[in-house]
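# What the coordinates show
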Amino acid sequence: MSIPSQKVSSSNKLIYQRLKQAIDLNLRRQIFIAACDDLCLRDCLAARLHAELAAEIPGSDPRSPIYYPRFVSLELDLSDPNPWGSIAAWLTQHPPPQNRGSYSPLPGFQILGAEHLTRQSAAVQWSFLSYLRDIEANLQMCESTLLLWVSRPWLSSIEQSAPEFWHWRTGVFEFEGEPTPAKEDFGHFEDFGNSGDLRNLRDSGDFGHKLLISSLSGQSPIPDEQFPISYPPSPASDSKSVPLADDEQSPISHPPSAAPDSKSVQLADLVLAAASEDLEAENNAASEENFLPLQTLQYIELLQEHQCCSEALALAYHGLGNYYRDRILGGDASQQNLTIAIGAIEQVIAYLELDTNSQQNQPLTEECARLIAQLTQNLTQYAQESHSLPPISDLLNDLGTLYWMLSRDRTQHNASDPVSSLERSIALYLEGLNRTDAETVPQTRVRLNKNLGIASADLARYRDKTENLQHAVAAYQQALLDLDPAVEPQQYAAAQNNLATAYWNLAQDGEPIVYLKSAIAAYTQALSCYSPEREPLNYAGVQNNLGTACWNLAQHEPSEPLLVRAISAYREALKYRTRELVPAAAAATYNNLGTAYWHLANQFQQKQARTESLQQAITAYEAALDIAGKLDRTQLTFDGLAARNNLGLAHYQLATDPDFALNKAAQTSHLEAALHHQLQVCAEWGQHLNDKGLTYGDKLNLQAPANSQAADSRQTALSYIVKTIRAFYSECGLPGQNLALSKVPGDLLPEILRRL
């Protein structure tokens, strides 16, 4: 990477030195954002960082033919702007040298090219922000440092529209410099699909796939975790919510005529307020983009004044909706933008319905024709997109998606009820499906059914869980009828994944055998469309989920083959969920593997096989805890204290079960190991109290799941400490008991003696 020539000011030199020193610390999971509007300066700084930091890792053998860099520069792929995917692809192509330790630091990465997203379609910009919001599911692959170079407008967009990524930031470095705008960047809008609608918002290509499988990526259902993480909410601004639709039987209320009604007046007030805020934010800079919605309002007013045809008004409102659609797809999914976009599309549908139901086809007046021509000429971007309005089913899908996004807004300024927004979304998707016919393209039905499944599953979190999950299952099944796995394997796998997750959630509340068998079948179908070579992490995640479903089913319908299948699935997942690439996910799968082996040993096997399975359980639990010990507790998706208790229990069983008949030395070794892990649980409980500023005996809120789990693990550990000490006495007499008691900390000894 060559270093371009650029004079750097003293202040920028100071900022650069701070950034370099922060990166050079080589700490784990540092997330830095560097903002620079001067592209020449940015190139100079990035190249210098690469030159100064990319040297081989210190201490490596200079005679080795394998050189592993400390710092890597990656260009953002504008066709699929996924920084996590770029890092994963580089690590796949450049695996760490085998002679390095398991936990040697991976290289740091700087991501360049985000400024080029300004010239890309809004869907591409939206997908970039969506990938950033998925940081918690992908952070485990970035064990060292990530530096993301952006322009200042993108810095603001990330803070507002990707709060999950912003929360994880370690530091922000803003360099001084003059911006270098491109002429084409201003006022340019890309077409989304053939009709310019919002269909790409939830289901198009890779972005739709990411949304649909997000409930399974990063945190899969494992024995100690009941519900997978769902898609993160969209951010909202400080604007107040204004209801734009009544809860009537029909999803859309229709204006009685082409004249202004209360909804159009209310929508105009919202647009004027939003435009005023934009002008104030731009320091009163009058720009073409600022005035586009105002121009559209003027045309709408004139069209209504001259009582022009409903189709012309629908065309104008569609242009207004497209303007705010582009802002939403660009990452500004504020409540204000969502509310205006909802109102505009509702007006489009209402006027189209009015035009369809009208018994009179009035001739186009000369003035109306002139206004429509002006609209087409002066609002070129939107008129071209809207010249042929999309089918009503696509408009209903777009409107349902906007209501779904509104339901995900968790900010304090959002006055809308998520339940009512979800109910509205579901009603619109159902209405869209009712409007389809034999001539409707299958992709439209797939889109509506998959989105209906997502909204129904979301509603299940608030009320009527079983009923709404069953609705989600039915919707996913309908979507799968229109999907050909040979033509759209990723979409097919995503739908099967969502279907399996719905079945898995249903199994937690009733009829577990039926639903878990259905989940296993759906996971198996998803695996048939995932290639471990092309999508190793997705493939591994589904294998982990399949193992968990088999393990769960074996608890309700005891079966040795089910546990063997679960073990096989976990081992297959661990081929790709490596501790170097995704340590948190690898630790979770190792924990699951240990649990499956433990149940196999205690339910089905003969003496020799039981010994081997318990040893395998010990090995798996040790691997899980070894990895977990190098991670922050918040990154784990399983209960570390429960895993350590299970590890101690496996050692205790090997020492005390008469079937194993170990020699005295082996028995003593396993008892010592069991006691060590049981005492470690109590020590970590003490640390849990210290983290909360409490001491033993203080009242702790046991309603909190984390506190309740930790308290239960401590009580379990205390019970087994007493049993282990008694086993020491039984096997080794009084000297053995005294040896065990000597290992108990003084603050714990009184409680242990009371129990003895």
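Residues numbered from 1 in each chain as written. Predicted model: local features only at pLDDT ≥ 70, side-chain atom pairs only at ≥ 80, totals over all residues. Heavy atoms only, no water.

Within the protein, the secondary structure is distributed over 28 helices and five strands. A buried classification covers 56% of the 756 residues belonging to the protein. Here the contacts in the protein between residues at least 6 apart in sequence split such that 76% fall between residues at least 24 apart. (Helix = DSSP H or I, 4+ residues; strand = E, 2+ residues; numbered from the N terminus. Buried < 20%, exposed > 50% of the residue type's maximum accessible area, 1.4 Å probe, protein only. Contact = heavy atoms within 4.5 Å.)

Glancing now at helix 4 (residues 122-133). The α-helix advances 3.6 residues per turn, and as a result positions three or four apart in sequence lie on the same side. End to end, helix 4 covers 16 Å across 12 residues, agreeing with the expected 16 Å (1.5 Å per residue, within 8%). Among the 12 residues that make up helix 4, 12 are buried, leaving the element largely enclosed by the rest of the structure. Every buried residue of helix 4 is accounted for by Ala 122, Ala 123, Val 124, Gln 125, Trp 126, Ser 127, Phe 128, Leu 129, Ser 130, Tyr 131, Leu 132 and Arg 133. (Expected span 1.5 Å × (residues − 1).)

Core analysis: the largest hydrophobic core is formed by 126 residues, its most contacted members being Leu 320, Tyr 324, Ile 328, Tyr 523 and Phe 638. Within the second largest apolar cluster, 34 residues are counted, among which are Leu 76, Leu 106, Phe 109 and Ile 135. (Core = buried A, V, L, I, M, F, W, Y, C linked by side-chain atoms within 4.5 Å.)

What follows is about the confidence of the model for the protein. When the pLDDT values of the protein are averaged, the result is 77; 75% of them are 70 or greater. Per-residue pLDDT stays below 50 along residues 56-66; that stretch engages in 11 contacts with residues further than four places along the chain or on separate chains. Scored below 50 in pLDDT, residues 695-703 makes 15 contacts in the model with residues more than four places away or belonging to other chains. (pLDDT = per-residue confidence, 0-100.)

Right, let's talk about the packing of aromatic side chains for a bit. Inspection of every chain in the model, using the stated rule, returns 10 aromatic pairs. Between Trp 90 and Phe 109, the ring centres sit 5.5 Å apart and the planes meet at 80°, which makes this aromatic pair edge-to-face. With Trp 90 in helix 3 (residues 83-93) and Phe 109 in strand 3 (residues 108-112), this pair connects stretches of sequence that are 19 residues apart. The burial state of Trp 90 is the same as that of Phe 109; both residues are buried. When the ring centre of Trp 126 is taken as reference, the NZ or CZ atom of Arg 133 above it lies at 4.8 Å. Directly above the aromatic system of Tyr 720 lies the positively charged group of Lys 723, at a separation of 4.8 Å from the ring centroid. (Phe/Tyr/Trp six-rings, centres within 6.5 Å; stacked < 30°, edge-to-face > 60°. Lys NZ or Arg CZ within 6 Å of the ring centre and 35° of its normal.)

Looking now at the pairing of strand 5 (residues 171-174). Judged by which residues are buried, strand 5 turns out to be one-sided: Gly 171 and Phe 173 face inward and are buried, whereas Val 172 and Glu 174, on the alternate face, are not. With four bridges joining them, strand 1 (residues 30-35) and strand 5 adopt parallel strand pairing. Following the sheet pairing, Ile 33 is matched in strand 5 by Val 172. (Pairing = 2+ DSSP bridges.)

Once that is clear, we can look at the pairing of strand 3. Counting buried residues along strand 3, five of its five residues qualify, which places the element largely inside the surrounding structure. Across the two faces of strand 3 the burial is the same, with Gly 108, Gln 110 and Leu 112 and Phe 109 and Ile 111 all buried. Pairing analysis gives three bridges linking strand 3 to strand 4 (residues 145-150), with the strands arranged parallel. Residue Ile 111 lies in a different strand from strand 4, and its bridge partner there is Leu 148.

Let us now look at the pattern of salt bridges. With the rule as written, the count across this model stands at 23 salt bridges. A salt bridge links Lys 517 to Glu 557; the nearest nitrogen and oxygen atoms lie 3.7 Å apart. With Lys 517 in helix 20 (residues 512-527) and Glu 557 in the loop between helix 21 (536-556) and helix 22 (560-574), this residue pair connects regions lying 40 residues apart in the sequence. For Lys 517, a relative accessible area of 43% corresponds to the partly exposed category. Ionic contacts of the salt-bridge type, sharing partners, join the residues Asp 37, Arg 152 and Glu 174 into one network. (Salt bridge = Lys/Arg side-chain N within 4 Å of Asp/Glu carboxyl O.)

Note on sheets: strands pair through backbone hydrogen bonds, and any given pair is parallel or antiparallel. If you walk across this open sheet you meet the five strands as 2-3-4-1-5, and the pairing is parallel. The open sheet has two edge strands with one neighbour each: strand 2 (71-75) and strand 5. On average, each strand axis in the sheet is tilted by 20° relative to the strand beside it, whichever way the strands run. (Axes fitted to C-alpha atoms, helices over the stretch in contact; angles between N-to-C directions.)

Relative to the elements of secondary structure, Leu 270 occurs in helix 9 (residues 262-281). Sequence-wise, Leu 270 and Asn 337 are 67 residues apart; in three dimensions their C-alpha atoms are separated by 9.4 Å.

This part takes up the environment of Tyr 530. Relative to the assigned elements, Tyr 530 resides in the loop between helix 20 and helix 21. Linking Tyr 530 and Ala 540, residues 10 residues apart in sequence, is a C-alpha distance of 9.5 Å.

In this section: the packing of helix 19 (residues 489-507) against helix 20. At a minimum axis separation of 8 Å, helix 19 and helix 20 run at an interaxial angle of 165°. Comparing the axis directions of helix 19 and helix 20 gives the class roughly antiparallel. Helix-helix and strand crossings are classified by hand; for helix 19 and helix 20 the assignment is left-handed. Side by side, helix 19 and helix 20 meet where Tyr 492, Ala 493, Gln 496, Asn 497, Leu 499, Ala 500, Thr 501, Tyr 503, Trp 504, Leu 506 and Ala 507 of the first sit next to Pro 512, Tyr 515, Leu 516, Ser 518, Ala 519, Ala 522, Tyr 523, Gln 525 and Ala 526 of the second. Considering only residue class, the contact of helix 19 with helix 20 consists of 15 nonpolar, five polar and no charged. (Parallel < 35°, antiparallel > 145°, perpendicular 65-115°, else oblique. Left-handed = near helix turned anticlockwise from the far one by under 90°. Nonpolar A, V, L, I, M, F, W, Y, C, P; charged D, E, K, R; others polar.)

Next up on the list: the side chain of Asn 451. Within the element layout of this structure, Asn 451 appears in helix 17 (residues 442-459). When its relative accessible area of 0% is taken as the criterion, Asn 451 is described as buried.

At Asp 464, a residue that is not glycine, the phi angle is positive and equals roughly 45°. Checked against the element boundaries, Asp 464 lands in the loop between helix 17 and helix 18 (465-481). Of note, Glu 511 is a non-glycine position whose phi angle comes to about 50°, a positive value. With respect to the helices, strands and loops of the structure, Glu 511 is situated in the loop between helix 19 and helix 20. Here Glu 511 falls in the exposed class, since its relative accessible area comes to 52%.

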